[in-house]
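Report on the structure
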Amino acid sequence: MVEAGLTAGFLGRPVRFLERIDSTNRLAKELAAQGALSGTLVLADFQTRGRGRLARSWEAPAGSSLLLSLILKPEIPLRSAFRLTMAAAVALARAVEEETGLSPLIKWPNDLYLKGRKLAGILTEVKPRGEGLRWAVIGLGLNVSAHPPGLPAIDLEEAASAPVDRLKLLDRFLHRLEELYQAGLEAGPLREEWKKRSYSLGREVEVKDGEETVRGRALDIDGEGALLVRTARGARRVVSGDLSLVD
Ligand code: BT5
């Protein structure tokens, strides 16, 4: 039934839909290791152990969200794998804009924000092969009709004050991502659009990565997606961490 609503060329072919699963990323990685096709989509209505980065969890009331993982086999260097997260964020922001008129901002490294609250999170996991990628899984959780209480989160229906069709939104997202993917995930255009939609560039930020905290003005991101921060002690290139605004 879901298949019938999905019209992209190869993203979403095939689809594996589950009402309930531990984590769509977990299953997608298992399928990828067994040789699943590039474009395979794992979609769920509810996750019992949805995962964020590190040991964090992704919470979503049943039937309220887009919870999905896509298997891809891109021909890009391992060091450029972050472009997958960038492409997913740009594609999702475009899809939301086209469906609802709302323009979410991209918060480095992997979130979409609306009205200062978290709307979506992306978790990209890769299997290296030498300097390249054997496969990648892009996992994405987007709050559509509800969000978990007690978090600085927002859902699309609350923000739009109108119902949102999850399947149409998903289909649009797949089209937009497929366009970026077929264009080779080229760093230049991807980076330009990412920057236009950025939540954090030009702002005073604090990036925490384990024990280390970098503080300063977020100036730019480079072609690999690293954040360039002007600190009191000079420019720093930050490759991972949790960002918050200071101003
Ligand atoms: C992320 O991690 O934001 C990546 C989330 C990816 C989830 C998708 S769902 C489908 C696929 N299968 C999976 O198992 N995972 C992916 P991170 O940046 O580490 O942020 C995690 C943090 O976001 C949590 O610690 C909470 O604070 C917050 N959070 C959890 N659920 C949320 C929600 N529904 N809306 C907003 N924030 C949430």
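The model shown is predicted, which means the values in this text are computed figures rather than measured ones.

Counting 64 residues, the largest nonpolar core has L142, F173 and L227 as the members making the most contacts within it. Two domains share this core, each providing at least three of its residues, namely domain 1 (3-196) and domain 2 (204-245). Other than its neighbours up to four places away in sequence, L227 contacts W108, L201, V207, A218, D220, I221, R236, R237, V238 and L243. Formed by 12 residues, the second largest nonpolar core is a distinct cluster that contains I21, A28, A32 and V42.

This part is about the sheet that holds strand β2 (residues 41-47). Taken together, seven strands build an open sheet; the order of strands is β1-β2-β3-β7-β6-β5-β4 and the sheet is mixed. Both edges of this open sheet fall to β1 (15-21) and β4 (105-107), since each of them pairs with a single strand only. Going from strand to strand, the sheet's axes swing by 20° on average, the running direction of each strand aside. Judged from the four bridges that link them, strand β5 (residues 111-114) and strand β6 (residues 117-129) form a sheet pairing that is antiparallel. Paired with D111 across the two strands is G121, which belongs to β6. Set on the sheet, helix α1 (residues 24-33) makes contact with β1, β2, β3 (65-72), β6 and β7 (132-143); between it and β3 the angle comes to about 20°.

What follows deals with the packing of helix α2 (residues 82-100) against helix α5 (residues 187-196). At a minimum axis distance of 10 Å, the contact between α2 and α5 shows a crossing angle of 50°. Between α2 and α5, the crossing angle belongs to the class labelled oblique. Crossing handedness for the pair α2 and α5: left-handed. Two secondary-structure elements touch here, α2 through R83, M86, A87, V90 and R94 and α5 through A187, L190, R191, E193 and W194. Across the contact of α2 with α5, the residue classes tally to six nonpolar, no polar and four charged.

In the structure shown here, the tally under the stated rule is two aromatic pairs. Judged by centre distance (5.5 Å) and plane angle (45°), the rings of F10 and Y181 are tilted. Of this pair, F10 sits in the segment before β1 while Y181 sits in helix α4 (residues 166-182), and the two are 171 residues apart along the sequence. Across the pair, Y181 and F10 agree in class, each one buried. The interplanar angle of 45° and the centroid separation of 4.9 Å between the aromatic rings of Y113 and Y199 together place this pair among those described as tilted.

As a structural note, the neighbourhood of the ligand is formed by 28 residues, with S23, R51, R56, E59 and K118 the closest of them. Between R56 and the ligand, the recorded distance is 2.8 Å, taken from a side-chain N or O atom to an oxygen atom. The contact in question runs from an oxygen atom of the ligand to an N or O atom on the side chain of K118, over 2.8 Å. Going through the elements one at a time, α1, β3, β6 and β7 are the ones with two or more residues in the shell around the ligand. Within the shell around the ligand, the residues separate by chemical class into nine nonpolar, 13 polar and six charged.

Strand pairing in a sheet relies on backbone hydrogen bonds. The paired strands run either parallel or antiparallel. With antiparallel pairing, the five strands of this open sheet are ordered in space as β11-β10-β9-β8-β12. Taken across any chain shown, the strands that pair with only one partner, and hence form the sheet edges, are β11 (234-238) and β12 (242-245). Between one strand and the next, the sheet's axes are offset by a mean angle of 45°, whatever the strand orientation. The pairing of strand β9 (residues 212-221) with strand β10 (residues 227-231) spans four bridges and is antiparallel. Following the sheet pairing, I221 is matched in β10 by L227.

Let us look at the domain arrangement of the protein. Domains assigned within the protein are domain 1 (3-196) and domain 2 (204-245). Here domain 1 and domain 2 have C-alpha centroids that lie 24 Å from each other. Between domain 1 and domain 2, the residue contacts involve 14 residues of the former and 15 residues of the latter. When domain 1 packs against domain 2, close to 1,200 Å² is buried across both sides, 53% of that on carbon and sulfur atoms. Together, K107, W108 and R191 form the three largest contributors to the area buried by domain 1 at its contact with domain 2, with a combined 50%. Where domain 1 touches domain 2, the interface holds four salt bridges. The closest approach of N and O atoms between D220 and R191, which form a salt bridge, is 3.1 Å. Taken together, domain 1 and domain 2 are joined by nine residue pairs in polar contact (both at pLDDT 80 or more). Of all the elements in the fold, those that place two or more residues in the side of domain 1 that touches domain 2 are α2 and α5. Ranked by the residues each element gives to the side of domain 1 that touches domain 2, the list is headed by α5, at four residues. Taken together, the residues that form the side of domain 1 that touches domain 2 break down as six nonpolar, one polar and seven charged.

Calculation notes
- Residues numbered from 1 in each chain as written.
- Predicted model: local features only at pLDDT ≥ 70, side-chain atom pairs only at ≥ 80, totals over all residues.
- Heavy atoms only, no water.
- Core = buried A, V, L, I, M, F, W, Y, C linked by side-chain atoms within 4.5 Å.
- Buried < 20%, exposed > 50% of the residue type's maximum accessible area, 1.4 Å probe, protein only.
- Domains from an automatic or database assignment.
- Contact = heavy atoms within 4.5 Å.
- Pairing = 2+ DSSP bridges.
- Helix = DSSP H or I, 4+ residues; strand = E, 2+ residues; numbered from the N terminus.
- Axes fitted to C-alpha atoms, helices over the stretch in contact; angles between N-to-C directions.
- Parallel < 35°, antiparallel > 145°, perpendicular 65-115°, else oblique.
- Left-handed = near helix turned anticlockwise from the far one by under 90°.
- Nonpolar A, V, L, I, M, F, W, Y, C, P; charged D, E, K, R; others polar.
- Phe/Tyr/Trp six-rings, centres within 6.5 Å; stacked < 30°, edge-to-face > 60°.
- Near = heavy atom within 4 Å.
- Polar contact = N/O pair within 3.5 Å; in protein donor to acceptor, adjacent residues only side chain to side chain.
- Buried area = accessible area lost by both parts, 1.4 Å probe.
- Salt bridge = Lys/Arg side-chain N within 4 Å of Asp/Glu carboxyl O.

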